[in-house]
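Chain and residue survey
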Amino acid sequence: MRIDAHQHFWRLSKGYYGWLTPELEAIYADFEPAQLKPLLAAARIDGTVAVQAAPDMRETEFLLGLAEKNACIKGVVGWIDMETEDGVAALRDFARHPLFKGIRPMIQDILPVNWMLGPKLDPAYRALIECGLSFDALVKPPHLDALAMLVDRYPELSVIIDHGGKPAIREGLGGAGGFDAWAPKIDRLARFPNVACKLSGLLTEARPDATLDDLVPYLDHLHDAFGASRLMWGSDWPVLLLESDYAGWSAMFEAWLSTKPENARNQIMGGTATRLYRLQ
């Protein structure tokens, strides 16, 4: 299967999305499977992983409901309150659903940057491991040191870094989150065999008129660090619409991918996601 390993759905009337404001005009609307399906067909994508966009378990239930009714959704990465016993109990309940594949706390919005290392979260990490679920890490460069400590602490936890760790591509080589600060931390994380990474969300970290040439250093570095067997492509639709569209990002990525061997292309475009998210 060719898999889009990272996309979202939302319905504004649900009221879960505190970050989604009218100022984000391009994406301040409902986005549901009927809108995505023709885009998938045009890009020859067989299925997707729908990822949470709100810190609310009701949204996870909403996404699982969509997945039950739309065969193109092969898996759901949801949200639970990792700090509470009720949250861990909910995680175990969700784990019984065949389309539930893991969780994603919105770490990029949580202070302090080492929140993920708090002892209160240990039962949640243990439950993820016991249930065979994945942990999506929505992080930025300042979080990468703490993430390395986390994956070292839990070597059996399947960790998937979203959006390449969100390098500040618009800052170029320098800057607090630019290539020079980001790349060594990515190298450190890639040494852990339980860590994989998504090639998604990069256009929204770049300047508005970014081209493939702007992204190539980051794509190449991630490929060199993780190898194709631990990389997966994602659209980040509809957030993608802030900078591009599905067809544009797909074509840009395929141009980069075309330089890779066939086996690597197959892994990045579906094999890795199918294996790590246990998709059917």
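As the structure is a prediction and not an experimental result, all values here were calculated from the model.

1. Things to note about the overall build of the protein chain
- Within the protein chain one finds 9 helices and 8 strands.
- Seen through its principal axes, the protein chain has C-alpha atoms that stretch 45 × 40 × 40 Å.
- Buried positions account for 57% of the 280 residues belonging to the protein chain.
- In the protein chain, 78% of the contacts between residues at least 6 apart in sequence involve partners at least 24 apart.
- Per element, the accessible surface of the protein chain, about 11500 Å² overall, is 53% carbon and sulfur.
- Looking at the protein chain, you have 28 positive and 37 negative side-chain charges, and the mean spots of the two groups are 5 Å apart.

2. Looking at the packing of helix H5 (residues 144-153) against helix H6 (residues 179-190)
- Axis separation between H5 and H6 bottoms out at 10 Å; the angle between their running directions is 5 degrees. Taken together, the axis directions place H5 and H6 in an arrangement best described as roughly parallel. Contact with H5, carried on its side by Leu144, Asp145, Leu147, Ala148, Met149 and Val151, involves Trp182, Lys185, Ile186, Arg188 and Leu189 of H6 and no other residues of that element.
- Class assignment of the residues belonging to the contact of H5 with H6 gives a composition of 8 nonpolar, no polar and 3 charged.

3. Considerations on unusual backbone geometry
- Residue Leu111 is joined to Pro112 through a cis peptide bond whose omega torsion reads 0 degrees.
- If you trace the backbone, Pro112 turns up in the loop between strand E4 (100-103) and helix H4 (122-131).
- Along the chain, Trp237 connects to Pro238 via a cis peptide bond; the corresponding omega equals 0 degrees.
- Mapped onto the secondary structure, Pro238 falls in the loop between strand E8 (231-233) and helix H8 (246-257).
- The backbone phi angle of Arg44 is positive, close to 60 degrees, even though this residue is not glycine.
- Along the chain, the position of Arg44 falls in the loop between helix H1 (33-42) and strand E2 (47-51).
- A residue is classified by how much of its surface remains accessible, and Arg44, at 55% relative accessible area, is exposed.
- Notably, Arg278 is not glycine yet its phi reads approximately 60 degrees, a positive angle.

4. Thoughts on the sheet that holds E2
- Taken in spatial order, the 8 strands of this open sheet run E1-E2-E3-E4-E5-E6-E7-E8, and their pairing is parallel. One side of each edge strand has no neighbouring strand; the edge strands of this open sheet are strand E1 (3-7) and E8. Direction aside, neighbouring strands of the sheet carry axes that sit 25 degrees apart on average.
- The strands that H8 touches are E1, strand E7 (195-199) and E8; relative to E8, the one it contacts most, it runs at about 145 degrees.

5. Some details on H1
- Within the sequence span of H1, burial applies to Pro33, Leu36 and Leu40. Angularly, the buried residues of H1 cover 65 degrees about the axis, an arc narrow enough to put them on a single face. Exposed and oriented more than 90 degrees from the buried face of H1 are Ala34, Ala41 and Ala42.
- Buried-residue contacts for H1 involve E1, E2, helix H2 (57-69), strand E3 (73-78) and H8.
- Positive phi appears at Arg44, one or two residues downstream of H1, with a value of about 60 degrees.

6. Section: the layout of surface pockets
- Taken as a whole, the largest pocket encloses approximately 370 Å³ of empty space.
- Forming the boundary of the largest pocket are 21 residues, of which Trp19, Gln108, Lys166, Asp236 and Val239 lie nearest the centre.

7. A word on the pattern of salt bridges
- Evaluated as defined, the whole model comprises 14 salt bridges.
- Through salt bridges that share partners, Arg104, Asp136, Asp162 and Lys198 make up one connected network.

8. Considering H4
- Taken together, the buried positions of H4 are occupied by Ala124, Tyr125, Ala127 and Leu128. Down the axis of H4, the smallest arc covering the buried residues is 160 degrees, so these residues share one side.
- Here the buried face of H4 lies against helix H3 (85-94), E4, strand E5 (134-137) and H5.

9. Examining the packing of helix H7 (residues 212-226) against H8
- In contact at an axis separation of 11 Å, H7 and H8 are set at 55 degrees when each is read in the N-to-C sense. Looking at the two axes, H7 sits oblique to H8. Regarding H7 and H8, the two cross each other, and that crossing is right-handed. Along its contact with H7, which presents Leu212, Leu215, Val216, Leu219, Asp220 and His223, the element H8 presents Trp249, Met252, Phe253, Ala255 and Trp256.
- Here the residues of the contact of H7 with H8 sort into 9 nonpolar, 1 polar and 1 charged.

Reading the values: rules and limits
Residues numbered from 1 in each chain as written. Predicted model: local features only at pLDDT ≥ 70, side-chain atom pairs only at ≥ 80, totals over all residues. Heavy atoms only, no water. Helix = DSSP H or I, 4+ residues; strand = E, 2+ residues; numbered from the N terminus. Buried < 20%, exposed > 50% of the residue type's maximum accessible area, 1.4 Å probe, protein only. Contact = heavy atoms within 4.5 Å. Areas by Shrake-Rupley, 256 points an atom, 1.4 Å probe, with all protein chains shown as cover. Lys, Arg positive; Asp, Glu negative; His and termini not counted. Charge placed at Lys NZ, Arg CZ, Asp CG, Glu CD. Axes fitted to C-alpha atoms, helices over the stretch in contact; angles between N-to-C directions. Parallel < 35°, antiparallel > 145°, perpendicular 65-115°, else oblique. Nonpolar A, V, L, I, M, F, W, Y, C, P; charged D, E, K, R; others polar. Pairing = 2+ DSSP bridges. Arc of directions from axis to C-beta. 1 Å grid on protein atoms, 1.4 Å probe; cavity = no way out; pocket = protein on both sides within 12 Å on 5 of 7 lines; lining within 4 Å. Points joined across faces, edges and corners; volume = space filled by probe spheres on them. Salt bridge = Lys/Arg side-chain N within 4 Å of Asp/Glu carboxyl O. Left-handed = near helix turned anticlockwise from the far one by under 90°.

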